[in-house]
Amino acid sequence: MSFVETELADQPESWARAAALAGGLKEQLPAPGERTAVVGCGTSFFMARAYAALREGAGLGETDAFAASEFPSGRRYDRIVALTRSGTTTEVLRLLADVRGSARTTAITADPRTPVRTAADDLVVLDFADERSVVQTRFATTALTLLRAHLGLHSDSVVADARTALAEPLPEGVVGCNQFTFLGRGWTVGLAEEGALKMREAALAWTEAYPAMEYRHGPISITTGGTATWSLGPAPDGLAEQVTATGGLWVAGRLDPLAELVRIQRLALALADLRGLDPDRPRHLTRSVILPSEQPAPPVRPTPGG
């Protein structure tokens with residue numbers, strides 16, 4: 001088995017452990033009413049988007065999500081939460097250094113022995129969800145489970161749905177498709193984006209993701225035989241019928257949306273296997289993006305007569 005396959009299968013247990021930790025993290029995670037920003041890169045950014053929508057939707061305070069490289073300098077927050085599996089991602093570490101002293105910072109990581117340990121004011125360690133694979137599965141969904149539980153939005157049924165997602169066959173016909181679109185609403189838009197990313201990373205698949213109501217505003221034009229449109233959570237009225245009428249395959253999300261993401265992870269691995277790809281070694285990717293240290297430019301020597 002590949003590392004990612006083993007780690008994917010461990011998610012129900014990891015989620016249960018994370019949910020049990022949430023009640024003891026009142027000081028480390030945003031309190032009700034705190035103006036909060038959540039940041040990450042790649043998969044962690046999409047989890048940040050999901051959490052931000054959940055927290056604000058629950059009425060617990062204004063919550064924004066940013067790719068770490070796109071954080072708006074000068075905007076003030078009470079708390080900044082950084083999601084970083086490796087604890088070494090350059091953009092995250094730079095941001096934490098830039099905001100030091102202006103907001104309380106919390107890093108959620110899998111490895112406390114990395115530079116993020118001293119970069120953030122508070123540290124939440126999910127080392128039991130760490131991964132050897134470059135492609136993230138277990139850590140990302142476990143971090144989001146922790147945050148959902150802290151909001152009071154997690155239940156045992158979510159873990160049960162994850163076990164179902166691992167045990168049941170994939171939707172009929174989906175492995176034979178050649179293009180995939182994932183749709184979400186509210187917090188599941190971030191999950192849809194993450195599903196599309198998993199398919200690109202592990203299977204080099206042609207994938208897209210949109211807010212579900214936006215699908216009618218152009219993207220549906222590519223839907224035809226051989227394409228699949230997968231909804232994470234309830235779909236807008238009539239959309240399933242519209243997709244079916246194009247000849248495309250409609251996949252209705254019937255489990256908890258985070259468990260639906262597990263099904264999409266499984267699809268990515270199934271396609272990788274069909275295409276002879278190693279999902280533990282995705283093309284052009286590394287476990288963490290670590291950029292060279294920025295060095296000051298050498299002084300410019302004046303030219304004679306200049």
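Residues numbered from 1 in each chain as written. Predicted model: local features only at pLDDT ≥ 70, side-chain atom pairs only at ≥ 80, totals over all residues. Heavy atoms only, no water.

1. Comments concerning the pairing of strand β7 (residues 206–211)
And step 1. With 6 bridges connecting them, strand β6 (residues 179–184) and β7 associate as parallel partners. Following the sheet pairing, F182 is matched in β7 by A209.
And step 2. Once the chain exits β6 it traverses helix α8 (residues 188–203) before rejoining the sheet at β7, and the crossover so formed is right-handed. (Pairing = 2+ DSSP bridges. Helix = DSSP H or I, 4+ residues; strand = E, 2+ residues; numbered from the N terminus. Right-handed = clockwise from strand over helix to strand, strands pointing away.)

2. Overview of the packing of aromatic side chains
Two aromatic rings, taken as a pair, are described by how far apart their centres are and by the angle between their planes.
And step 1. Under the definition given, this model contains 6 aromatic pairs.
And step 2. With centroids separated by 5.6 Å and ring planes inclined at 35 degrees, the aromatic side chains of F45 and F46 adopt a geometry described as tilted.
And step 3. Ring geometry for F66 versus Y77: centroids 6.5 Å apart, planes at 70 degrees, classification edge-to-face. You can see F66 sitting in strand β2 (residues 63–67) and its partner Y77 sitting in the loop between β2 and β3 (79–84), a full 11 residues away along the chain.
And step 4. The class for Y77 is buried, based on a relative accessible area of 4%. (Phe/Tyr/Trp six-rings, centres within 6.5 Å; stacked < 30°, edge-to-face > 60°. Buried < 20%, exposed > 50% of the residue type's maximum accessible area, 1.4 Å probe, protein only.)

3. Regarding helix α6 (residues 138–150)
And step 1. If you check α6, its first and last C-alpha atoms are 18 Å apart, about what 13 residues at 1.5 Å a residue would give, namely 18 Å.
And step 2. Most of α6 sits out of view: 11 of its 13 residues are buried.
And step 3. Turning to α6, its buried residues number three or more, namely R138, F139, A140, T141, T142, A143, L144, T145, L146, L147 and R148. (Expected span 1.5 Å × (residues − 1).)

4. Points about the sheet that holds strand β8 (residues 227–231)
And step 1. The strand order β7-β6-β8-β9 describes an open sheet built from 4 strands, whose pairing is parallel. If you trace the sheet from one side to the other, it starts and ends with β7 and β9 (249–252), each paired once. Neighbour to neighbour, the strand axes of the sheet diverge by 20 degrees on average, direction disregarded.
And step 2. Bridge count between β8 and β9: 4 bridges; the pairing is parallel. The residue bridging S231 from the neighbouring strand is A252, located in β9.
And step 3. Packing against the sheet, helix α10 (residues 257–274) makes contact with β6, β8 and β9, and its axis sits at approximately 155 degrees to β8. (Axes fitted to C-alpha atoms, helices over the stretch in contact; angles between N-to-C directions. Contact = heavy atoms within 4.5 Å.)

5. As for α8
And step 1. In this model α8 runs 22 Å from its N-terminal to its C-terminal C-alpha over 16 residues, within 8% of the 22 Å that 1.5 Å per residue would give.
And step 2. α8 sits mainly inside the fold: 15 of its 16 residues count as buried.
And step 3. One or two steps after α8, the chain reaches L204, where phi turns positive at roughly 55 degrees.

6. Quick notes on the pattern of salt bridges
Close approach of charged atoms lets side chains of opposite charge pair.
And step 1. The tally for this structure, following the rule as stated, stands at 17 salt bridges.
And step 2. In this structure, D10 and R138 form a salt bridge, with 3.1 Å as the shortest nitrogen-oxygen distance. Highlighted residues: D10 in the loop between α1 (3–9) and α2 (11–21) and R138 in helix α6, separated in sequence by 128 residues.
And step 3. Classification of D10 as partly exposed rests on a relative accessible area of 23%.
And step 4. Given a relative accessible area of 12%, R138 falls into the buried group.
And step 5. K198 is the salt-bridge partner of E194, the closest N and O atoms lying 2.5 Å from each other. Remark: K198 and E194 occur in helix α8; sequence separation between them is 4 residues, near one turn of the helix. (Salt bridge = Lys/Arg side-chain N within 4 Å of Asp/Glu carboxyl O.)

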